[in-house]
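# Chains, contacts and geometry: an overview
Each chain is listed here by its residues.
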2 protein chains.
Amino acid sequence: MKIELGVKNCLYPLPTILVGALVNEKPNYIAIAHVGIMDPESVSLGMNKLHFTNSGIKANKTFSVNIPSTKLVKETDYCGLVSGKNKNKADMFKTFYGKLETAPMIEQCSINMECELIKTVDFPNHDIFMGKIVNTYCDQAVLSDGIVDLEKVQPILFVMNNRSYYGIGKRIAKAWDIGKDLIK
Amino acid sequence: MKIELGVKNCLYPLPTILVGALVNEKPNYIAIAHVGIMDPESVSLGMNKLHFTNSGIKANKTFSVNIPSTKLVKETDYCGLVSGKNKNKADMFKTFYGKLETAPMIEQCSINMECELIKTVDFPNHDIFMGKIVNTYCDQAVLSDGIVDLEKVQPILFVMNNRSYYGIGKRIAKAWDIGKDLIK
């Protein structure tokens, strides 16, 4: 017997990221977790149109995705609470640039992806920015045998239902493998 | 000093879901994890055009999102390994329907969202299906004080980098709260 909850989004957890963009030629960072993957080379950001950052992404057609670790949870949450209209949030971090010149990235985040805006989908209150990854940067410390190790990255997972951040748990199985047992 | 990885998508983990659709009037389920949220009432699916399920979503303009728990990791992985062209994967589950008549849902998944297709974005090899949630169903067992409790749902988190499934970890902080310490 199922209980009906009405329209309740339960597609969580999603990784909390810091989106970097140049707004009025200055680096700005905002925390969001309404993100997604479309195909292996692309990511989407669902950003309320009221945010300061949106104009910078539209103007430059670039942005960055920075993945903060649980150690940065306070700074990350702050970047979701405070608008770049009123505060220079970039002061908290060391900014660097990659191939693109208008996608500021955060040195203190162990993973950074610089992205070119390829499409914007207009939702009633949100801009959905779809970006193609141009290059990815990481700290040596989060690699295991040359592969990015999420257990070392320790991303901050967002759950809307109870407005909480979680860490990543234990590895439970190998993907595209454990189900082979059921193929007869 | 950052290491350059080239184009490497690191926006993980993402929740592994079972997408339900009617294909040729029969329920079919496929495991995907390239998903996202656009706004509070919507979700996106990034689905390779080769998948059997895509035609059903296009034909009926509906689909369901079913969230399997870690206990269903084997069945879930199987639904990503095997095509509905060759196997009737729905046989493994008990199917139910909600308000929509063409969005089959899985009784054994503790969370089910039935969705109306509102937009499809054409990527080179993928259909990006964007759906508006019409109704959400859950098991009583995953509620805490009337709120969906992800620690009870125990979703399967997918990480592409090392092709692994993870569980959710510990709650580390309250969102839109812990950062208030930094507001002076």
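Residues numbered from 1 in each chain as written. Chains lettered and ligands numbered in written order. Predicted model: local features only at pLDDT ≥ 70, side-chain atom pairs only at ≥ 80, totals over all residues. Heavy atoms only, no water.

Right, let's talk about the overall build of chain A for a bit. Looking only at helices and strands, chain A has three helices and 15 strands in total. Summarising its shape, the C-alpha atoms of chain A cover approximately 60 × 45 × 30 Å along the three principal directions. Relative to its full complement of 184 residues, chain A shows a buried share of 57%. By element, 48% of the accessible surface of chain A is carried by carbon and sulfur atoms, the whole surface being about 7600 Å². Of the charged side chains in chain A, 22 are positive and 19 negative, and the gap between their average positions amounts to 5 Å. (Helix = DSSP H or I, 4+ residues; strand = E, 2+ residues; numbered from the N terminus. Buried < 20%, exposed > 50% of the residue type's maximum accessible area, 1.4 Å probe, protein only. Areas by Shrake-Rupley, 256 points an atom, 1.4 Å probe, with all protein chains shown as cover. Lys, Arg positive; Asp, Glu negative; His and termini not counted. Charge placed at Lys NZ, Arg CZ, Asp CG, Glu CD.)

Relative to chain A, chain B is turned by 180° and slid 0.0 Å along the rotation axis, the superposed coordinates differing by an RMSD of 0.0 Å. Look at the turn and shift together and you get a two-fold axis relating the two. Interface overlap between copies: 99% of the residues of chain B at the interface are likewise at the interface in chain A, consistent with a symmetric, same-surface contact. (Least-squares fit on C-alpha atoms with pLDDT ≥ 70 in both. Contact = heavy atoms within 4.5 Å.)

Moving on, we come to the interface of chain B and chain A. With 96 residues of chain B at the contact, the number on the chain A side is 96 residues. The three residues of chain B that bury the most area against chain A are B:Lys2, B:Ile37 and B:Trp176, which together make up 10% of that side's buried surface. Note that B:Lys2 is salt-bridged to A:Asp139, the shortest N-O span being 2.9 Å. In this structure, the connection of chain B to chain A is made through 50 residue pairs in polar contact (both at pLDDT 80 or more). Here the element with the most residues in the side of chain B that touches chain A is strand 15 (residues 164-174) of chain B; it accounts for 11 residues. Among the residues making up the side of chain B that touches chain A, the classes are represented as 57 nonpolar, 19 polar and 20 charged. In terms of strand pairing, strand 1 (residues 2-6) of chain A meets strand 11 (residues 126-139) of chain B through four bridges, oriented antiparallel. Bridging across to strand 11 of chain B, A:Lys2 finds its partner in B:Asp139. (Buried area = accessible area lost by both parts, 1.4 Å probe. Salt bridge = Lys/Arg side-chain N within 4 Å of Asp/Glu carboxyl O. Polar contact = N/O pair within 3.5 Å; in protein donor to acceptor, adjacent residues only side chain to side chain. Nonpolar A, V, L, I, M, F, W, Y, C, P; charged D, E, K, R; others polar. Pairing = 2+ DSSP bridges.)

This next bit is on helix 1 (residues 53-60) of chain B. Residues and elements named next belong to chain B. Among the residues of helix 1, Thr53, Asn54, Gly56 and Ile57 are the ones counted as buried. Seen from one end, helix 1 has its buried residues packed into an arc of 165°, which puts them on one side. Residues of helix 1 that are buried sit in contact with strand 3 (17-23), strand 4 (26-32), strand 6 (42-48), strand 7 (62-67), strand 10 (111-122) and strand 11. (Arc of directions from axis to C-beta.)

For the rest of this paragraph, the subject is the pairing of strand 6 of chain B. All names here are of chain B. Summarising burial for strand 6: six of the seven residues are buried, a large majority. Here strand 5 (residues 35-37) pairs with strand 6 via three bridges, running antiparallel. When the sheet's bridge partners are listed, Gly36 is paired in strand 6 with Ser44. The turn linking strand 5 back onto strand 6 is made up of four residues. In this sheet, strand 11 lies alongside strand 6 in antiparallel orientation, the contact comprising seven bridges.

Here we take up the packing of aromatic side chains. Residues and elements named next belong to chain A. Applying the stated criterion across every chain, the model contains 10 aromatic pairs over all chains. Their ring planes at 85° and their centres at 5.7 Å tell us that Phe96 and Tyr137 sit as a pair that is edge-to-face. Residue Phe96 is found in strand 8 (residues 95-96), and its partner Tyr137 is found in strand 11 (residues 126-139); the two are separated by 41 residues along the sequence. Each member of the pair, Phe96 as well as Tyr137, is classed as buried. (Phe/Tyr/Trp six-rings, centres within 6.5 Å; stacked < 30°, edge-to-face > 60°.)

Applying the stated criterion across every chain yields a total of 12 salt bridges over all chains. Across the salt bridge formed by B:Asp181 and A:Lys74, the nearest N and O atoms sit 3.0 Å from each other. Taken together, the positions of B:Asp181 in the segment after strand 15 and A:Lys74 in helix 2 (residues 73-81) put the pair across two chains. We note a salt bridge from A:Lys180 to A:Asp177, for which the minimum N-O separation is 3.6 Å. Exposure remark for A:Lys180: the relative accessible area of 46% places this residue in the partly exposed category. On the basis of relative accessibility, which here comes to 30%, the residue A:Asp177 falls in the partly exposed class.

All of the buried residues in helix 2 of chain A are A:Val73, A:Thr76, A:Asp77, A:Tyr78 and A:Cys79. If you follow the buried residues of helix 2 of chain A, they end up packed against strand 3 (17-23), strand 4 (26-32) and strand 15 (164-174) of chain A together with strand 15 of chain B.

Strands sit in the order 2(A)-14(A)-15(A)-15(B)-14(B)-2(B) across an open sheet of six strands; the sheet is antiparallel. Both outer strands of the open sheet, strand 2 (14-15) of chain A together with strand 2 (14-15) of chain B, are each paired with one neighbouring strand and no more. The pairing of strand 2 of chain A with strand 14 (residues 157-159) of chain A spans two bridges and is antiparallel. Bridging from a neighbouring strand, A:Leu14 pairs with A:Phe158 of strand 14 of chain A.

It is worth stressing that arrangement in space is one thing and function is another; only the former is reported here.
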